[in-house]
Amino acid sequence: MPNLLIIGGGYAGLWAAMAAARRADENGSELHIRLLSKDAYLTHRPRLYERNPQDMRTPLGPVLEPIGVDLALGEVTAIEPAARTARATDAEGNSTEYIYDGLVLAAGSILRPPPLDIVDGRTWSVDDYQSAVALDQHLQARMAEPAEDAETVVIIGAGFTGIELAAEMRTRLAAHGGTARAEKARVILLDAAATVSEDLGPGPRPHILEALQAARVEVRLNTTVRRIKGDQVMLDDGGRITCQTVIVTTGAQANPLAAGFGLATDPAGRLFVDEFLRVKGLANIHAAGDIAHAMTDDSHASLMSCQHAMPMGKAAGYNAASDLLDLPPLPYQQTRYVTCLDLGPWGAVFSNGWERQVEMIKDEAKARKQFVMTQVIYPPTKDRAAILEAGALG
Ligand SMILES: Cc1cc2nc3c(=O)[nH]c(=O)nc-3n(C[C@H](O)[C@H](O)[C@H](O)COP(=O)(O)OP(=O)(O)OC[C@H]3O[C@@H](n4cnc5c(N)ncnc54)[C@H](O)[C@@H]3O)c2cc1C
């Protein structure tokens, strides 16, 4: 029986497993599928800026068991394409070699840290589960401090994540019981760029600025943080901010496993894949999600988003299974593109198309965002038919 190894239990990897299992099932073929990931959860990274980040993950077992996919835990440290092996180390430090016939690489991305000189201090992030939970515990501890202490939160990076986190921050502080302190807190959103949300374009921007103002976020543009020393955040214009919480939201870069192949990558470190999501220059390896640079249509590359990771994962799983079962593959294509940005108590902004034409704002857009965040990005569990159905392309 051929064996397919999927590395990564995020949106791309999990949906790849569902699609591969479906492909084998609909063809009546035998295929051994193993999903190998660092832990036994799908972490909902797009929700890690929200309150209660500890609730933002779904166990992988109830998705994988009903469709006969094995789950293995370990951090992959090396992949040898010539030998078709991947080596992983588990939580106890044991090293295991996994042999594959076909591989789907879906190991995602990591925070792209800014060049910062940190002395006697630290930064926080919402990039992964552990970081987001640690930040939440820190905020809770800060809110338990004496009420007269002013609280200042600095967020570095006014992109998608920084904006969502800044807009939500006062609500999060208040949720930790310090309503009066939360009211008095300063939330500062810094960026070296001259505008907020440079990547999101001009359409959503007026709404973003209005929402940040409503949330009393101080936006400081054309500002770079060079150094953090103790509780001092030092700016390139000579200014200083006294602050107990510095959160970095400066974007993402591909998982370092991508660099291990010695291939050309895009500026975010992503591997180039062809229309079937096969990694260019490697045999028997497909890639999907944040680690892959795919064309979604004739002129737009995929973005690091779950909106792209899920369909890419499905296409990679389908095609990897097809290759192993001598069935025809299907090209990946994704013409629809939308963005939905949470703007805290003000609401949200929803735009359609690559030009980001705003179609909904405030409560209407917020309802859409909540639908995506509580339904669309969650896989079905326990019900084999529903799980296989969720792996359908289309
Ligand atoms: C705070 C935040 C907000 C976001 N908001 C949005 C949003 O609103 N909309 C949107 O579309 N996208 C958003 N994103 C981006 C979105 O989360 C990612 O694009 C998506 O998670 C990518 O899915 P993925 O499966 O490629 O990678 P990931 O979700 O990163 O999953 C990677 C998987 O690989 C595993 N892994 C990593 N390294 C190894 C290794 N060495 N060995 C074994 N396993 C490994 C991880 O444990 C994980 O299971 C946001 C991201 C963040 C951090």
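Predicted model only: the values in this text are computed from it and were never measured.

Caption draft 1: Layout of the environment of Thr161. With respect to the helices, strands and loops of the structure, Thr161 is situated in helix H4 (residues 160-175). Taking C-alpha positions, Thr161 is 23 Å from Ala294, a pair spaced 133 residues apart along the chain. For Thr161, the residues in contact, after removing those within four places along its chain, are Val126 and Thr249.

Caption draft 2: Region of interest: the sheet that holds strand S23 (residues 338-342). Taken together, three strands build an open sheet; the order of strands is S23-S24-S25 and the sheet is antiparallel. Either end of the sheet is taken by a strand with one partner, and the two such strands are S23 and strand S25 (357-361). Adjacent strand axes in the sheet meet at a mean angle of 20°, parallel and antiparallel pairs treated alike. As judged from the four bridges shared by strand S24 (residues 348-352) and S25, these two strands associate in the antiparallel manner. For Val349, the partnering residue across the bridge sits in S25 and is Ile361.

Caption draft 3: Summary view of the state of the cysteines. Tallying each qualifying case throughout the model produces zero disulfides. A disulfide-free cysteine, Cys340 has its sulfur positioned 11 Å from the sulfur of Cys306, the nearest such atom.

Caption draft 4: View of the packing of helix H1 (residues 11-26) against helix H7 (residues 306-324). As a packed pair, H1 and H7 sit with axes 7 Å apart at the nearest point and diverge in direction by 35°. Crossing of H1 against H7: the hand is right-handed. Listed contacts from H7 to Tyr11, Ala12, Trp15, Ala16, Ala19, Ala20, Arg23 and Glu26 of H1 are Cys306, Ala309, Met310, Gly313, Lys314, Gly317, Tyr318, Ala321 and Ser322.

Caption draft 5: Representation of the domain arrangement of the protein chain within the structure. According to the domain assignment, the protein chain contains domain 1 (3-110 + 252-335 + 382-387) and domain 2 (117-248). The straight-line distance from the C-alpha centre of domain 1 to that of domain 2 is 33 Å. Of the residues lining the interface, 11 residues belong to domain 1; the matching set on domain 2 comes to 12 residues. A buried area of about 1,200 Å², summed over both sides, lies between domain 1 and domain 2, and 58% of it is on carbon and sulfur atoms. Area buried by domain 1 at its contact with domain 2 is led by Leu48, Tyr49 and Arg51, which between them contribute 52% of it. At the boundary of domain 1 and domain 2, one finds one salt bridge. Across the salt bridge formed by Asp127 and Arg45, the nearest N and O atoms sit 2.8 Å from each other. Of the residues belonging to the side of domain 1 that touches domain 2, the class tally is four nonpolar, three polar and four charged.

Criteria and thresholds
Residues numbered from 1 in each chain as written. Predicted model: local features only at pLDDT ≥ 70, side-chain atom pairs only at ≥ 80, totals over all residues. Heavy atoms only, no water. Helix = DSSP H or I, 4+ residues; strand = E, 2+ residues; numbered from the N terminus. Contact = heavy atoms within 4.5 Å. Pairing = 2+ DSSP bridges. Axes fitted to C-alpha atoms, helices over the stretch in contact; angles between N-to-C directions. Disulfide = S-S within 2.5 Å. Left-handed = near helix turned anticlockwise from the far one by under 90°. Domains from an automatic or database assignment. Buried area = accessible area lost by both parts, 1.4 Å probe. Salt bridge = Lys/Arg side-chain N within 4 Å of Asp/Glu carboxyl O. Nonpolar A, V, L, I, M, F, W, Y, C, P; charged D, E, K, R; others polar.

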